Amino acid sequence: MRAKPPLPAHKGLFGRPSVINNVLSFAAIPFILDNGAKAYADFGMGRSRGTMPIQLAGNIRYGGLFETAFGATLGELVDEIGGGTFTGREVRAVQVGGPLGAYFPRALFDTPFDYEAFAARDGLIGHGGIVVFDDTVDMVKQARFAMEFCAIESCGKCTPCRIGSTRGVETINKIINGERVAENLAVIEDLCNTMKFGSLCALGGFTPYPVMSALKHFREDFGGDLGPAPARLQAAE
Amino acid sequence: MSLIQEIDFGTPKSKSEAMVTLTIDGNQITVPEGTSIMRAAMEAGTQIPKLCATDMVDAFGSCRLCLVEIEGRAGTPASCTTPVMPGLVVHTQSERLKKLRKGVMELYISDHPLDCLTCAANGDCELQDMAGAVGLRDVRYGYEGDNHVFAKSNGEANAAWMPKDESNPYFTYDPSKCIVCSRCVRACEEVQGTFALTISGRGFDSRVSPGMSESFLGSECVSCGACVQACPTATLTEKSVIEIGQPEHSVVTTCAYCGVGCAFKAEMRGEEVVRMVPWKDGKANRGHSCVKGRFAWGYTTHKERILKPMIRERIEDPWQEVSWDEAFNFAAAKFKGIQQKYGRDAVGGITSSRCTNEETYLVQKLIRGGFGNNNVDTCARVCHSPTGYGLSQTFGTSAGTQDFDSVEGTDVVLIIGANPASAHPVFASRLKKRLRQGAKLIVLDPRRTEMVESPHVKALHLPLMPGTNVAVLTALAHVIVTEGLVDEAFVRERCDWSEFEDWAAFVAEPKHSPEATAIMTGVDPKDLREAARIYATGGNGAIYYGLGVTEHSQGSTTVIAIANLAMVTGNIGRPGVGVNPLRGQNNVQGSCDMGSFPHELPGYRHISGDAVREQFEAMWNVKLNNEPGLRIPNMFDAAIEGTFMGLYVQGEDILQSDPNTKHVVAALSAMECVIVHDLFLNETANYAHVFLPGSTFLEKDGTFTNAERRIQRVRKVMTPLNGYADWEVTIMLGKAMGFTMNYSHPSEIMDEIAALTPTFTGVSYAKLDELGSVQWPCNEKAPEGTPVMHIGGFVRGKGKFIITEYIATDERTGPRYPLLLTTGRILSQYNVGAQTRRTENVVWHAEDRLEIHPHDAEQRGVRDGDWVRLASRAGETTLRALITDRVAPGVVYTTFHHPDTQANVITTDFSDWATNCPEYKVTAVQISPSNGPSDWQKAYDEQARNSRRIAPVVEAAE
Ligand code: SF4
Ligand code: SF4
Ligand code: SF4
Ligand code: SF4
Ligand code: FES
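Keep in mind it's a predicted model, so treat the numbers as computed, not measured.

Novice: Would you mind showing me how to read the overall build of chain A here?
Specialist: Per the secondary structure count, chain A includes eleven helices and seven strands. Its C-alpha atoms put chain A at 60 × 45 × 25 Å along the principal axes. A total of 237 residues make up chain A; the buried ones form 47% of that total. When the accessible surface of chain A is summed, it comes to about 11200 Å², and 59% of that surface belongs to carbon and sulfur atoms. Of the charged side chains in chain A, 23 are positive and 25 negative; the average position of the first set lies 9 Å away from that of the second.

Novice: How should the interface of chain A and chain B be read in this particular structure?
Specialist: A common way to express how large an interface is: the accessible area buried when the components associate. Taken residue by residue, the interface counts 29 residues in chain A and 27 residues in chain B. When chain A packs against chain B, the two sides together hide about 2500 Å² of surface, and 54% of this comes from carbon and sulfur. Viewed at the interface, chain B and chain A are joined by two salt bridges. We note a salt bridge from A:Asp190 to B:Arg140, for which the minimum N-O separation is 2.9 Å. Taken together, chain A and chain B are joined by 18 residue pairs in polar contact (both at pLDDT 80 or more). Those elements giving two or more residues to the side of chain A that touches chain B turn out to be helix 5 (139–153), helix 6 (159–162), helix 7 (164–176) and helix 8 (181–198) of chain A. The leading source of residues in the side of chain A that touches chain B is helix 8 of chain A, at eight residues. When grouped by side-chain class, the residues that make up the side of chain A that touches chain B number twelve nonpolar, ten polar and seven charged.

Novice: How do you make sense of the packing of helix 7 of chain A against helix 8 of chain A when you look at a structure like this?
Specialist: When two helices pack together, their arrangement is captured by the angle between the axes and the distance separating the axes. Residues and elements named next belong to chain A. Packing of helix 7 against helix 8 brings their axes to within 9 Å, and their N-to-C directions diverge by 160 degrees. The angle between the axes of helix 7 and helix 8 places the two elements in the roughly antiparallel class. In the crossing of helix 7 with helix 8, the sense of the turn from one axis to the other is left-handed. On helix 8, the residues touching Gly164, Ser165, Arg167, Gly168, Thr171, Ile172, Lys174 and Ile175 of helix 7 are Val181, Asn184, Leu185, Val187, Ile188, Leu191 and Met195. Partitioning the contact of helix 7 with helix 8 into residue classes produces eight nonpolar, five polar and two charged.

Novice: Explain the site of ligand 1 here, please?
Specialist: Around ligand 1 sit B:His112, B:Asp115, B:Cys116, B:Cys119, B:Asn122, B:Cys125, B:Leu127, B:Gln128, B:Thr233 and B:Ala234, and those are all the residues in its vicinity. Residues of the shell around ligand 1, tallied by class, amount to five nonpolar, four polar and one charged.

Novice: Quick question: what am I supposed to make of the site of ligand 4 here?
Specialist: Residue and element names in this part refer to chain B. Surveying the vicinity of ligand 4 reveals the residues Cys255, Tyr257, Cys258, Val260, Gly261, Cys262, Phe264, Cys290, Lys292, Gly293, Pro425 and Val426. If you list the elements that add at least two residues to the shell around ligand 4, you get helix 7 (291–295) and helix 12 (425–436). A per-class count over the shell around ligand 4 returns nine nonpolar, two polar and one charged.

Novice: For this particular structure, what's the right way to read the sheet that holds strand 18 (residues 412–416) of chain B?
Specialist: Strand pairing in a sheet relies on backbone hydrogen bonds. The paired strands run either parallel or antiparallel. Residues and elements named next belong to chain B. The strand order 20-19-18-21-22 describes an open sheet built from five strands, whose pairing is parallel. On the outer flanks of this sheet lie strand 20 (459–462) and strand 22 (578–581), each paired with one strand and no other. Averaged over all neighbouring strand pairs, the angle between strand axes comes to 15 degrees, with direction disregarded. Of the strand pairs in this sheet, strand 21 (residues 541–545) and strand 22 are connected by four bridges, and their pairing is parallel. The partner of Tyr545 across the bridge, within strand 22, is Pro581.

Each value, and the rule that gives it
Residues numbered from 1 in each chain as written. Chains lettered and ligands numbered in written order. Predicted model: local features only at pLDDT ≥ 70, side-chain atom pairs only at ≥ 80, totals over all residues. Heavy atoms only, no water. Helix = DSSP H or I, 4+ residues; strand = E, 2+ residues; numbered from the N terminus. Buried < 20%, exposed > 50% of the residue type's maximum accessible area, 1.4 Å probe, protein only. Areas by Shrake-Rupley, 256 points an atom, 1.4 Å probe, with all protein chains shown as cover. Lys, Arg positive; Asp, Glu negative; His and termini not counted. Charge placed at Lys NZ, Arg CZ, Asp CG, Glu CD. Contact = heavy atoms within 4.5 Å. Buried area = accessible area lost by both parts, 1.4 Å probe. Salt bridge = Lys/Arg side-chain N within 4 Å of Asp/Glu carboxyl O. Polar contact = N/O pair within 3.5 Å; in protein donor to acceptor, adjacent residues only side chain to side chain. Nonpolar A, V, L, I, M, F, W, Y, C, P; charged D, E, K, R; others polar. Axes fitted to C-alpha atoms, helices over the stretch in contact; angles between N-to-C directions. Parallel < 35°, antiparallel > 145°, perpendicular 65-115°, else oblique. Left-handed = near helix turned anticlockwise from the far one by under 90°. Near = heavy atom within 4 Å. Pairing = 2+ DSSP bridges.

So, to be careful, I would describe these as geometric facts and stop short of saying anything about function.
Right under this line is the structure:
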């Protein structure tokens, strides 16, 4: 991982200008060539134009790959297209954008699937992955999972990610064990800040999204002065 | 005096000429385009916290301490990797930045021992400094988590912990203190070009690894020290610092090993050297070093150093320690007696390429003025006299045309008979850097040298048979002329056209074509043609050559052929091109400049020229002999004849470094008084009657002149252990002989040199202190010296093409001696090894080995590591074999760093036709299996041991 700029378009593979596209771009090309740019751009909303292939996964009744125009709400995607959870229990959290995406609670199901709208609510669209969890999910463990994921994937070049992800796992473990929860939550918040603004690439930079969104929307799962983990979870175990 | 603190700008200087203005913390600053924000801030006096950046290597952006805010840009970009842009408004400190930096430091320290008080880096640790700079007060993660710090965690062995690697004799690697900033890895790649280090593993498991998780000593590491210098923590630390502690003052001085002339800070505690650190402002080395200058200075206090003068009547006697006065009187009486008995010309002296300019100047002054003859010569004879001859004939000066910086503008590099990776390591690193940027490399050498095999460098190697340089170079010229690649405009303007036409007609003869000469040279004609085309048309072409050119019977012809090539392609007279001899010893250039040759006064002016000689006579207040004196080989011949009986040898081991050891032994044994002035009882001292203890470069003031004509200060950092600097000893010896030389400081000697030598008129210690160094000529026309010569025209007027007829050496192979021996050097040892053998460098080269191709070895039943007998027409010796295909079939190769080997017993009397430079590089030999050292080696060893006895001092009873 090297610092940018220079962007790959100026200096990429072997130090030469390089074009980097992902499959999404290639998939859009036939339609655009067939129907013209305007027809494609007519889909979508705001600055997010065209369509997006969305991967519905996790605890969901109708999982799979769906392509739709930007602009549908999160609720429409999960409840109407996806048909709610597979277990039939209540949807509690939805992680949007991949393993480093934010967790959204039901309360945010009115968010339109649009880059700016998600960003405005501290979330991201990322590669369009949507993972659904029912009410048996323990969000503190989901937060720890994000740090673990980062620790496993880290290339180790920059400090916030290399050391931060490991310390993140350790600190969340302390929280799970009920050790000085309030102080350790403050440490996690600081760590997320350091990782988000300090990391060299998106791995370390985005790991705070799942962690901080879990903490923000599901604070009750982190215990501490709010008491032990809710009985709902203990029952589920 | 205090410790010189060099500013670390964080990222390298930009070479752009376009300027950019921006605002940093409210101050406007203008810097070259391409400068990082970090460097721009530092230039304005603001140090942004940093750990992974250092200005010797490119920005990397990994530590994330150097974040800044830029108005109108989102986020907090790293200032080391963000280039300046016009009109940027940058803030280096804000609440947000403070918090981020503290957060990063907190993470660092959560995986770092809290050992500062007992740590070797205490007081010189950037991690410690940064913890202070960002105001870290607390590590809230605790120290129980995963770490690389403790051997045991929670009672169990910690798999992430690694013990110290102390395998390198000069520095240790303590992984528990590593912050994985990669500065070492990048220094090894970018500065040194060895690529010995990498980061193994990833994520939290990342760690510095020499090679494939080897020890430093077991890896490709060449111990240049660049990584140690780059390391911001105690992880890589000099053992001397661990042992002694941090230095308190430093003095800038010049390395006394090779002709690169690296500038170092001698970092001291009192009179004890703590470490030698390359100086970033050193214009030859630009902050880099090699294992010798950086680490191998232990010889200066080695127990075998002789500190008291000694005398003896006969070389069979043990040495007698005496006072300085006794030694001087004894020597003076002997020399005067010899002159009375055999005539004024029966004594002489040899100046040293190791000593300072001032000391060399004094020795020749003593000989010319005090002895009254011109029997002065120097060991530069054994290496680069053909350079002096060849380049002065063609260009009009006898030195290299460029500075080392010039290589940064070179597009094609042609290396002939040199292995800079071993003999001029710091230059090699600078060269390799340029090659990795895309410059092309052509190597003409019998052996596949380290240059050919450098990582990320592609070389066109022309493996020629030893002794055929002239044929190959003429074939290159043949291709250039016959394929129409001549730079005619240059030749017409700068060179003598009719001489050129004669020369061009000569080289164009079909018998000089690559195809016709391939039988002799062994070089593939296709490769040779390609090389000629690349050199002639590839942009700026620069030639670097070494002893593989000069130490041949056709050494001078080869130098001329090189000069021809440069002229015919217009590769002379600007940066990036030129003809550059890589001079072996630290002051070879200087010793030649200082009038060390029997026919030349300082500044290469003939002794018979009345006007010049009279100037010296007036200044020295003595009448000088206008007849050139004896060269070294003539001195030896005269000694054997019985007409040359006294020799003063300063700082050279002629017995070991001159060819045909047996002949030298006979000559020295015949003399009545040999005075050796040296640090150690060297091999020559076995035949000496007076031993005057020498001083090291750390113990004296003076100047050295490196291979780029750069005059640099040598500064005294400690009192001479032997009592006197070498220049003082020469003065006292002169006085005892009745010749007065009055100087209270070497600067006065330099003033005299400047007054008498037109190319030195502008040189003074004051100017050297001010500018750091100057390259001669330095005079009214070039008050700040001359980095590149022959700009706009040749010093001699028109460049002179000279025809280079190839004459095979008389040293032919035949049925009895079917192999060609060629000699060379390796990195960790220096010259005859008197210094380096007395340091830990021996771990890399405990003995000289004979390299032999597997095919030749098999034919003779020699296995790797076997003792073999190496015999030539001149003599024989034994050493152990190293089987390798680095050498071509028919060629064998060895070094001559160890006296036991006596490789020069083998080399012959043949020498360069113009200058008597000996033919070390080609000797016909045969090898056969053997059981151990030869009779000669044993007898020699016996004599040496006998001769080194020092009589016990009898204390007078009270
Ligand atoms: S390396 Fe630096 S920070 Fe670490 S213990 Fe040593 S002095 Fe302290
Ligand atoms: S000492 Fe030099 S060669 Fe060895 S690892 Fe360090 S930088 Fe590389
Ligand atoms: S050894 Fe030193 S320079 Fe290398 S990564 Fe570790 S701390 Fe950085
Ligand atoms: S030996 Fe040569 S390359 Fe090495 S440090 Fe000394 S001057 Fe520099
Ligand atoms: S100094 Fe800029 S990221 Fe380390």
